[in-house]
Each structure stands twice: as C-alpha cells, then as structure tokens.
Amino acid sequence: MRCVMFGATGYLGGRLVPDLLDAGHTVRVLARDPGKLTEAAWRDRVEVVRGDVTRVEDVRAALDGQEVLYYLVHSLARADFENVDREAASLVAAESDRAGLTRLVYLGGITPTGQKLSRHLASRAEVGEILLRAPTPAVVLRAAVIIGSGSASFEMLRYLTERLPVMVTPRWVRSRIQPIAVRDVLHYLVRAADLPGRVNDAFDIGGPDVLTYEGMMRGYAVAAELPRRVIVPVPVLTPWLSSQWVNLVTPVPRAIAVPLMESLINDVVCADHRIADYIPDPPDGLTSYSGAVKLALHRIRDLDVPTRWSDAGLPDAPSDPLPTDPDWSGGSLYSDVRERGTSADPATLWAVLEAVGGEHGWYSFPLAWALRGWIDRVLGGVGLRRGRRDPHRLHVGEALDWWRVEHLERGRLLRLRAEMRVPGRGWLELSVSPSADGGAHYRQRALFEPHGLAGHLYWKALSPFHAAIFGGMARNITGAAE
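These numbers were taken from a predicted model, which means no experiment stands behind them.

Q: Please give an account of the overall build of the chain that cites residues and values.
A: Broken down by element type, the chain carries 14 helices and 19 strands. For the chain, the residues scored as buried account for 54% of the 482 residues in total. Residue pairs at least 24 apart in sequence account for 75% of intrachain contacts in the chain once pairs closer than 6 positions are excluded.

Q: Lay out unusual backbone geometry with the relevant residues and their values.
A: You will see that glutamate 225, though not glycine, has its phi angle at about 60°, which is positive. Counting through the fold element by element, glutamate 225 comes out in the loop between α7 (213–223) and β13 (230–233). Exposure remark for glutamate 225: the relative accessible area of 71% places this residue in the exposed category. Located in the positive-phi region is aspartate 401, a residue other than glycine, with phi close to 55°. Relative to the elements of secondary structure, aspartate 401 occurs in the loop between β15 (399–400) and β16 (403–409). Looking at aspartate 401, the relative accessible area reads 3%, which means it is buried.

Q: Please give an account of helix α12 (residues 366–378) that cites residues and values.
A: Given a rise of 1.5 Å per residue, 13 residues ought to cover 18 Å, and the 18 Å separating the end C-alpha atoms of α12 matches this to within 8%. Inspection of α12 places Trp369, Arg372, Gly373, Asp376 and Arg377 among the buried residues, and these make up the whole buried set. The arc enclosing the buried residues of α12, seen along the axis, measures out at 140°, which places them on a common side. More than 90 degrees from the buried face of α12, the exposed residues found are Leu367 and Leu371. Looking one or two residues past α12, glycine 380 carries a phi angle of roughly 95°, positive in sign.

Q: Report on the packing of helix α11 (residues 346–354) against helix α14 (residues 466–481), specifying residues and quantitative values.
A: Their axes nearest at 8 Å, the elements α11 and α14 cross at an angle of 125°. Classed by the angle they form, the pair α11 and α14 counts as oblique. The handedness of the crossing between α11 and α14 is right-handed. Counting all contacts with α11, which are made through Thr348, Leu349 and Val352, the residues of α14 involved are Ile477, Thr478, Ala480 and Ala481. Split by residue class, the contact of α11 with α14 holds five nonpolar, two polar and no charged.

Q: If you had to explain helix α4 (residues 119–132) to someone new, which residues and values would you point to?
A: With 14 residues, α4 should reach 20 Å at 1.5 Å per residue; the first-to-last C-alpha distance of 20 Å fits that figure. Those residues of α4 that sit buried are His120, Leu121, Ser123, Arg124, Val127, Gly128, Ile130, Leu131 and Leu132.

Q: Quick rundown of the pairing of strand β19 (residues 440–450)? Include the residues and the values.
A: With respect to burial, β19 is a largely interior element, nine of its eleven residues being buried. Where strand β14 (residues 334–342) and β19 come together, nine bridges link them in antiparallel fashion. Counterpart to arginine 338 in the pairing with β19 is glutamine 444. As defined by bridge partners, strand β18 (residues 424–434) adjoins β19 across eleven bridges and the pair is classed as antiparallel. Bridge pairing in β19 links glutamate 429 to arginine 445. Between β18 and β19, which pair antiparallel in sequence order, lie five residues; one of them, glycine 438, sits at a positive phi of approximately 95°.

Q: Kindly report on the packing of aromatic side chains, identifying the contributing residues and their values.
A: Under the counting rule described, the total for this entry stands at eight aromatic pairs. Ring centres 6.1 Å apart and planes at 40° place the aromatic pair tyrosine 71 and tyrosine 106 in the tilted group. With tyrosine 71 in strand β4 (residues 68–71) and tyrosine 106 in strand β5 (residues 103–109), the pair connects residues that are 35 residues apart, well separated along the chain. Of the two residues, tyrosine 71 and tyrosine 106, neither departs from the other in class, the shared state being buried.

Q: Tell me about the sheet that holds β16, and please be specific about residues and values.
A: Reading across the sheet, the six strands line up as β14-β19-β18-β17-β16-β15 and stay open at both edges, with antiparallel pairing between neighbours. Two strands lie at the open edges of the sheet, namely β14 and β15, each paired on one side alone. Running over the sheet, α14 touches β14, β18 and β19 and is turned about 30° from β14.

Q: Could you give me a rundown of the confidence of the model for the chain, with the residues and numbers involved?
A: In the predicted model, the chain carries a mean pLDDT of 85, and 89% of its residues have values of at least 70. A low-confidence stretch, residues 313–331 (pLDDT under 50), is modelled with 41 contacts involving residues beyond four sequence positions or located in other chains.

Q: Explain the nonpolar core to me, using residue names and the numbers behind them.
A: Counting residues in each nonpolar core, the largest one holds 39 residues, and the members touching the most others are Tyr70 and Leu107. Looking at this core, the elements with two or more residues in it are β1 (2–6), α1 (13–22), β2 (26–31), β4, β5, β6 (138–143) and α6 (182–192). With seven residues, the top contributor of residues to this core is α6. The residues contacting leucine 107, other than those within four sequence positions of it, are Leu12, Tyr71, Leu72, Arg124, Leu141, Ala143, Ile146, Val185, Leu189 and Ile205. With 36 residues, the next largest nonpolar core counts Trp369, Val382, Ala418 and Leu428 among its residues.

Q: Describe the sheet that holds strand β11 (residues 201–204), listing the residues and the values that go with them.
A: Strand order in this open sheet of seven strands is β3-β2-β1-β4-β5-β6-β11, and the pairing throughout is parallel. Each edge of the open sheet is held by one strand with a lone partner, namely β3 (47–50) and β11. Across the sheet, the mean angle from the axis of one strand to that of its neighbour is 20°, orientation sign disregarded. Pairing analysis gives four bridges linking β1 to β4, with the strands arranged parallel. Its bridge partner lying in β4, phenylalanine 6 is registered against tyrosine 71.

Q: Explain the side chain of glutamate 95 to me, using residue names and the numbers behind them.
A: Structurally, the position occupied by glutamate 95 is in helix α3 (residues 81–99). Each residue touching glutamate 95, except ones within four places of it in the same chain, is listed here: Val56, Val59, Arg60 and Leu63.

Q: Got a sec to walk through the pattern of salt bridges? Specific residues and values, please.
A: A side chain of one charge can pair with a side chain of the opposite charge when the charged atoms of the two come close. The full count for this structure, using the stated rule, is 24 salt bridges. A salt bridge links arginine 2 to glutamate 67; its shortest N-O distance comes to 3.7 Å. Linking arginine 2 in strand β1 with glutamate 67 in the loop between α2 (56–63) and β4, this pair joins segments that are 65 residues apart in sequence. Through salt bridges that share partners, Arg404, Glu406, Arg417 and Glu419 make up one connected network.

Conventions used here
- Each chain has its residues counted from 1, running along the sequence as written.
- Predicted model: local features are reported for residues with pLDDT of at least 70 only, side-chain atom pairs are reported and counted for 80 or more only, and whole-chain, interface and lining totals are derived from all residues.
- Side-chain numbers come from the whole structure's heavy atoms, not from hydrogens or water.
- A run of H or I in DSSP becomes a helix once it reaches four residues, and a run of E becomes a strand once it reaches two; helices and strands are each numbered from the N terminus.
- Buried residues are those whose accessible area, probed at 1.4 Å on protein chains only, stays under 20% of the maximum for their type, while exposed residues exceed 50% and partly exposed ones sit between those limits.
- A contact between two residues is defined here by any heavy atoms of the two lying within 4.5 Å.
- Given a helix with a known number of residues, its expected span is that number minus one, times 1.5 Å.
- Regarding the arc, it is the one traced by the directions from the helix axis to the C-beta atoms.
- Simply put, an axis is a line fit to the C-alpha atoms, just over the touching stretch for a helix, and the angle between two N-to-C directions goes from 0 to 180 degrees.
- When describing relative orientation, an angle under 35 degrees is termed roughly parallel and one over 145 degrees roughly antiparallel, while 65 to 115 degrees is termed roughly perpendicular and anything else oblique.
- Crossing chirality is assigned from the near helix's rotation relative to the far helix, an anticlockwise turn below a right angle marking it left-handed and a clockwise turn marking it right-handed.
- Classification used: nonpolar for Ala, Val, Leu, Ile, Met, Phe, Trp, Tyr, Cys and Pro, charged for Asp, Glu, Lys and Arg, polar for all others including Gly.
- Note on pairing: two strands pair once DSSP finds at least 2 bridges between them.
- Between 30 and 60 degrees the pair is tilted, below 30 it is stacked and above 60 it is edge-to-face, where a pair is any two Phe, Tyr or Trp rings, Trp via its six-membered ring, whose centres lie within 6.5 Å.
- Per-residue confidence from the predictor is given as pLDDT, running between 0 and 100.
- Residues belong to one nonpolar core when they are buried, are Ala, Val, Leu, Ile, Met, Phe, Trp, Tyr or Cys, and are joined through side-chain atoms within 4.5 Å.
- Salt bridges are defined as contacts in which a side-chain nitrogen from Lys or Arg sits within 4 Å of a carboxyl oxygen from Asp or Glu.

Written as structure tokens, this is what we have:
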C-alpha cells in the first residue's frame, strides 16, 4: 500500500519506516528538516516531503495520492503540547478525508477508566478520539511503557536503576503497568495498515507481564546483573518533585520528564486483548519484560541503537543554516575562531574530531564542562547526559550531549547547534583540511546570536574563559590526533 508517515524522525517512526518497506509498502515521509534523514539507511527507499504537520498546505501535499497515514506525532516537550496536538490532529483528520485516504493509524497511551488522567495521557486520548471521529477509518493503538533501546521511558528506568542503588520513591512506584517491547509495538503498527476498512476502533496493546514501576526497576537490576536495589516508598514526593530528580539523574530533560512522571500516577493496564481478533500475536509470542530489557541492553552494548528519544528536536530549536553574516541577526553575531596546524594526517584528525563528546569528552577543562552541564540540567535543559549513539560515528540530526548535529560533511566539516539553555542561539563548527606538508589544518568556530541584553551579557561574561575552553579544545584535539 502507499503509506505516508508523520513522525519519521522520531523514535518509533525511524524504526517503523524500514519495517513498512520490508513488508512491501511504499513510504512517503513528512519532515520539517529532511536533512535529519540524510544518513538514515532507508533514505533512498522513500520519498521525503518537507513540511510541518500544523500547516495545511504541507499536510495536503504529503497526503496527496496516499492510502494509509501513520500519525506518530506529539509535542510532549512543549508547555502547550495539548493545544498543538489538538490542532494538528484536527487538521490531519480533515485533510485525510479530502485526500481520500483509506486508513489512519495512531499510537497513543492506555487510558484507564475511573481515574483522573495526567495531562499527557489525556492529550493522547484526545488525539485518538479526534482521529476516530474522522470520516477516514482509524486504528488507535494504545500502549503503556515501551521497552526498547533509546526510548525515553527505558532511559529513565535504566539510569534511575543503575545510578541509584538506594531510592526514596513516592507512592506511584506501586502503580500497575503493562509494558510492551518496541519490537511488538512495531509488529502491530505494520499490520494495522492491512486491517479491513470497516474497523474504526481503539485497541490496547501490551506485553505478557503486569508489573509495578518498582517491579520494573527490580527486574531491570536482575536483567542488567546489578546488585539488588533498595526502594523505600514515601507518601510525600509528588510526581512533579520526582521529575526534578529525574532531570538531574537521567538524560531525559525536565520538559519531557514532567509529563511522563505525572502519568505514572495512573494504572496503565490493557483492558482486553481484542487486538488479537484482527492482528495475531508475533509468531514467537509477545516478548516478556525481562526479555525486552535484555534485548535493549544487548543493542546498547553492540552500539546497534537505530533511533533514540533525543533524535526528535526540542521545540523552537533553530533549524536554519549556520549564519555567516552578522546582518542575519540584526548586526550582532559573536564568534570565537581557533586554528591550528598539525602533523597528523586529515583522516586521523577527522577521526578524533568526529568522536568528540559523550564518553570521549570535549578535550578541554572537564570541570567547567561538567559544571555547565549541571547548571543546564537545573534550569531544565538537556545537560551533558544525552551522550551519543555511537562513540566514533555521527549522523545528521542526532543529539550529542547538549548539541544537535546540524550539518556533516564526513572528513571535512561538523556543525553542531546548541540546545542548552542560553539567552540566544549558538553553533560550534569544527573543520579539517589538508595542508601542503602532508599534515592537516584544524579550524574551530563558535558562534553566538544573542537574544536581548541577557544574551550580550552572557557572551561577555564568558569571554574571559574562552581561551581556556575553546583554545584548550583546539590544542587537545590536534594533540590527540598527533
């Protein structure tokens, strides 16, 4: 069938596209920034349309001539995510009818009855209802916690369990949860395209185990071969307070942690298994919780993590090309440029440059970088804990600590866009070129576009430290290459 995907640059969308292709479907994807898909293994097998799900002309162009829409979009990191998701879903519902689609497929969250829903779950339920009321038949799949390498829920679980042998936790750790492996979610999503046209319904999907969050943490410790974790529930920690702790301990920023933690007050257990009437379970059966954790850890150890929660950009993050003319920012664009020659050949220098960040660090003043990362986490930013997917190779669009890979010309140029909390927009550009003597020339350029007086004061306050931070970085990267 002709399938169009909204959300292909996200965690699940990036994994679903190749599965749809392998099932024989053709795929078109809508992306605000098609550059993020440049190095996706399936890029040459799909049609990419540039656009935004909130713009009617973009949605109309993406749906033209298609049969099945996979709608995997949500704006969780935005403060106004309910309004944005409501408007986008309403637009998509109307345009799907205009385009003559035969099927909508959406993944939402399990909606418990008789409980006050968190903002996150309520919004996902609302989007599902909007699509089910659309003239086009819809299948709404509802899942609880998805267990898979790189998912936000799994990363929260992983870091909390690994870093805290003793945890003081609120009562929500006793909430009942029916987690599901990401491979099983993909199994249902792929086969939803083939459901009969008369089906217009919501279905709960879950794995074979019903646990508490406490049980999930203990189960993770067993699967990861960690010592037994001590978990002490107390009645005073609210989900909001818990999310502040998650913000400091895990890579998940507060903007995402808050709505996820608030959802843990709800029991999210499948009400039934009606989905089996239309889509059989996987041939080997649904994956157990312990099996899903082991599979995720195996992928992490093998550096085989095709997508991560951080692949999706933060709201309002700049996606424009790097500004090179001060007039672009109204005449104010600060820069710090460092250049060094090295006896190392260009390939060796590039290998060091592309491995920057994550476990390799930033080659300069580690304490200052760590302190700045901690401050960013306190302010609700991403900090340095996102790390990197692969210790040696980068891809356009992926997160790298508090940066985003905006442009990559392998062997020559790496451009990073800042996603830390700053009063302005920043970029860091690292480049390599051959020199006449057989060595290489390294060029490093930091740029900052200030927003208001606070932005100017921010740059000027840090300027005295640039020699140590940026100068040290240039010296140490070339030194490491040598």
